[in-house]
Amino acid sequence: MRRFAFVVRGVAWRSIHNTIVSPSIIVPSIVFPLFFFAAFAGGLSKIAQVPNFDYKPGYTAFQFTFVFLQSAAFGGVFTGFAVARDFDSGFARRLLLSAPARGGIIVGYVIGALLRWGITGSVVTLVALASGMNVPAGPGDLFALLALGVLFNLVAALWAVGLAMFLRTEQAGAVIQMPVFVVLFLAPVYVPLHLLTGWVHSVARLNPATFALEAARGLLAGTPTDIALAFGLLGGSIILWAAFARRGLLSAERAAG
Amino acid sequence: MGAEHASALEQIGAIARRSIVRTFRQRGLLVFPLLFPLILFAINGSALGAATRIPGFPPVSYRAFALAVPFMQGALFVAVTAGVDLARDIETGFFNRLALTPLRGGALLLGQLGGAFVVACVQAVVYLVVGVASGVGIASGAGGALVLLALSTLIAFGFAGLGTLVALRFGNGEAVQAVFPLFFVSLFLSSMALPRNLIKTPWFHDVATYNPVSYLIEGVRSLIITGWDGQALALGFGFAAALAVISLGASSLAMRSRMART
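Peer 1: Residues and numbers for empty space enclosed by the protein, please.
Peer 2: Residues and elements named next belong to chain B. Counting across every chain of the model gives four cavities of 30 Å³ or more. In this structure, the largest cavity occupies an estimated 250 Å³ of space. Lining the largest cavity are 25 residues, with Asn 44, Leu 48, Val 69, Met 192 and Ala 193 sitting closest to its centre. Split by residue class, the lining of the largest cavity holds 21 nonpolar, four polar and no charged.

Dropping the structure here:
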């Protein structure tokens, strides 16, 4: 157990250290969510005037929840990029050879993703509050919203780390990122679910990200809805993608010899 | 025929042929830039459908309104492809070897953009065909569709010039990739998602008004949803031409300086 914790601590420390000291890593992961927040909350605010748009805290809060979860997801995705980079540079191979408990590598990277999101999520939240976002939620709701973000980050991190371990090249960046991007944008990003029409509405109704997003919006508005379902789906996804990441690690181990 | 005897056109042709062949050999680089804007178009065209119910929104489907966006996104990807390809030539030393030949700098620059130009043309045709197949009518008719292709290709050429400028200035592909988000920001902070008169947030409205990308999008969009709008087209072509002239002019200077260093 101590050896496992040793690996976890080392990998997580390296992951967050690399993030903080490399502007080329930290800047995009902060700028991207902010830029989506500015573009959506600023550029599309008129959408709140669409008949039956009924989100009481307003369009800024409506978009904040999306960007909050998006930043959580991309905290995981960017960590997947880092894993792929470690394979390209040869570091991951040396890590696999030297780590006394290899399962700790996945946990270390995932904790690194969580710490990375701790930075970007905080910045996004501060900017949203500074821009005058309404927050009718109580402390319990906010805590649940934070927990939702943490689980969302874990799901994305396990997916990205697992896939990076399967593919083991930086060129896999688009393959890691694209599905997350598509799943996120197939949720009710711009308007509530009931205002979506056509095929996007049909897909969004079944998209797990929709349940997380709707639950997050309910929590921020202080009117929690379908919380158990959202947490249940995220918990199930974590189990699924943890198994996927474990298989990715086994694949990388086989490749490392 | 030795390069010292080859005309400028022959020199451009030789470099362009290589650029085109190389671009089409990298299928991964072709497919992603082609698919990504189409995926966003498919999603946003439907997801933002409710925006048509905002008072003052043009009387067209959101899909028709949004069709201009893939042309712009495609142009941004062309910029990155052009820049990364040139940066790779610099990094691998191929550029240095070319610089030792009597090849003219201008021919090298225009030739390098050959691959980007072909990709831009292919992308524009694909986006137009997909748009029409998804039920979007071109208000300006068949002639307008041709003008749309010309305008979008000119825009892509202008952005490709920016990509080569970054590659020549910094000499590495990572720098080109790093600049890409800035290009993307310029797209999102424009009238991409809503007409400018419907952008409520004052700072965003001001940024979109001063952002030349708004006029590029509105030029393309006017052909799709309005018909022949002289002002929108003049602004669209004017900004696209200015972008091409400025980016290629700056690239040309950067090319001269890099060749001198070689």
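Peer 1: Give a detailed account of the interface of chain B and chain A, specifying residues and quantitative values.
Peer 2: Size of an interface, as often reported, equals the accessible area lost when the parts are brought together. Contacts between chain B and chain A engage 26 residues on the former and 31 residues on the latter. Per-residue buried area on chain B facing chain A is highest for B:Ile43, B:Arg53 and B:Phe188; these three make up 21% of the total on that side. Viewed at the interface, chain A and chain B are joined by zero salt bridges. Inspection of the chain B/chain A interface yields five residue pairs in polar contact (both at pLDDT 80 or more). Per element, the largest residue contribution to the side of chain B that touches chain A is nine residues, and it comes from helix α2 (residues 27-47) of chain B. Among the residues forming the side of chain B that touches chain A, the class breakdown is 21 nonpolar, three polar and two charged.

Peer 1: Break down helix α3 (residues 59-89) of chain A for me, with residues and values.
Peer 2: An α-helix turns once per 3.6 residues; consequently, residues spaced three or four apart project the same way. For α3(A), with 31 residues, the first-to-last C-alpha span of 44 Å sits near the 45 Å given by 1.5 Å per residue. Taken from the residues just after α3(A), A:Gly90 is the one with a positive phi, measuring 95°.

Peer 1: Could you give me a rundown of helix α1 (residues 2-21) of chain A, with the residues and numbers involved?
Peer 2: Residue and element names in this part refer to chain A. Helix length check: α1, at 20 residues, gives a terminal C-alpha distance of 28 Å against a target of 28 Å (1.5 Å per residue), a fit within 8%. Buried residues of α1: Val 7, Val 8, Val 11, Ala 12, Ser 15, Ile 16 and Thr 19, and no others. Projected down its long axis, α1 carries its buried residues within an arc of 140°, all on one side. Among the exposed residues of α1, those oriented more than 90 degrees off its buried face are Arg 2, Arg 3, Phe 6, Arg 9, Trp 13 and Ile 20.

Peer 1: Residues and numbers for the packing of helix α4 (residues 68-92) of chain B against helix α10 (residues 212-226) of chain B, please.
Peer 2: All names here are of chain B. The contact between α4 and α10 brings their axes to 8 Å, and the two run at 135°. One finds that α4 runs oblique with respect to α10. Pair α4 / α10 crosses with right-handed handedness. Residues Ala 68, Val 69, Phe 71 and Met 72 of α4 touch α10, and the partners they reach there are Val 213, Leu 216, Ile 217, Val 220, Arg 221 and Ile 224. Taken together, the residues that form the contact of α4 with α10 break down as nine nonpolar, no polar and one charged.

Peer 1: Got a sec to walk through the layout of surface pockets? Specific residues and values, please.
Peer 2: Its boundaries defined by the atoms lining it, the largest pocket holds a volume of some 2100 Å³. Within the residue set of the lining of the largest pocket, elements represented by two or more residues are α2 (23-43), α3 and α7 (173-185) of chain A together with α2, α4 and α8 (173-188) of chain B. Partitioned by chemical class, the residues of the lining of the largest pocket number 31 nonpolar, eleven polar and seven charged.

Peer 1: Help me get a handle on the nonpolar core, residues and values and all.
Peer 2: Counting 183 residues, the largest nonpolar core has A:Phe40, A:Met165, A:Phe185 and B:Phe159 as the members making the most contacts within it. If one sorts the elements of this core by residue count, α3(A) sits on top with 17 residues. In this structure A:Phe40 touches A:Ser45, A:Tyr59, A:Gln63, A:Phe66, A:Phe185, A:Val189, A:Tyr190 and B:Phe188, once residues within four positions along its chain are discounted.

Peer 1: Can you explain the environment of A:Phe152? Please cite residues and give values.
Peer 2: All names here are of chain A. Position of Phe 152 among the secondary structure elements: in helix α6 (residues 139-167). Each C-alpha atom, one on Phe 152 and one on Gly 58, is 23 Å from the other, the two residues being 94 residues apart in sequence. Beyond its immediate chain neighbours, meaning those up to four positions away, Phe 152 contacts Leu 69, Ala 72, Ala 73, Leu 184, Ala 209, Ala 212 and Leu 234.

Peer 1: Lay out the packing of aromatic side chains in plain terms, naming residues and giving numbers.
Peer 2: This model, assessed by the stated rule, comprises 37 aromatic pairs over all chains. Judged by centre distance (6.1 Å) and plane angle (50°), the ring pair of A:Phe32 and A:Phe35 falls under tilted. One end of the pair, A:Phe32, and the other, A:Phe35, are both in helix α2, three residues apart, so they sit about a helical turn from each other. Of note, A:Arg217 hangs over the ring of A:Phe62, and the distance from its end group to the ring centre comes to 3.5 Å. In this structure, B:Arg221 packs its charged tip against the face of B:Phe65, placed 3.6 Å from the ring centre.

About the criteria used
Residues numbered from 1 in each chain as written. Chains lettered and ligands numbered in written order. Predicted model: local features only at pLDDT ≥ 70, side-chain atom pairs only at ≥ 80, totals over all residues. Heavy atoms only, no water. 1 Å grid on protein atoms, 1.4 Å probe; cavity = no way out; pocket = protein on both sides within 12 Å on 5 of 7 lines; lining within 4 Å. Points joined across faces, edges and corners; volume = space filled by probe spheres on them. Nonpolar A, V, L, I, M, F, W, Y, C, P; charged D, E, K, R; others polar. Contact = heavy atoms within 4.5 Å. Buried area = accessible area lost by both parts, 1.4 Å probe. Salt bridge = Lys/Arg side-chain N within 4 Å of Asp/Glu carboxyl O. Polar contact = N/O pair within 3.5 Å; in protein donor to acceptor, adjacent residues only side chain to side chain. Helix = DSSP H or I, 4+ residues; strand = E, 2+ residues; numbered from the N terminus. Expected span 1.5 Å × (residues − 1). Buried < 20%, exposed > 50% of the residue type's maximum accessible area, 1.4 Å probe, protein only. Arc of directions from axis to C-beta. Axes fitted to C-alpha atoms, helices over the stretch in contact; angles between N-to-C directions. Parallel < 35°, antiparallel > 145°, perpendicular 65-115°, else oblique. Left-handed = near helix turned anticlockwise from the far one by under 90°. Core = buried A, V, L, I, M, F, W, Y, C linked by side-chain atoms within 4.5 Å. Phe/Tyr/Trp six-rings, centres within 6.5 Å; stacked < 30°, edge-to-face > 60°. Lys NZ or Arg CZ within 6 Å of the ring centre and 35° of its normal.

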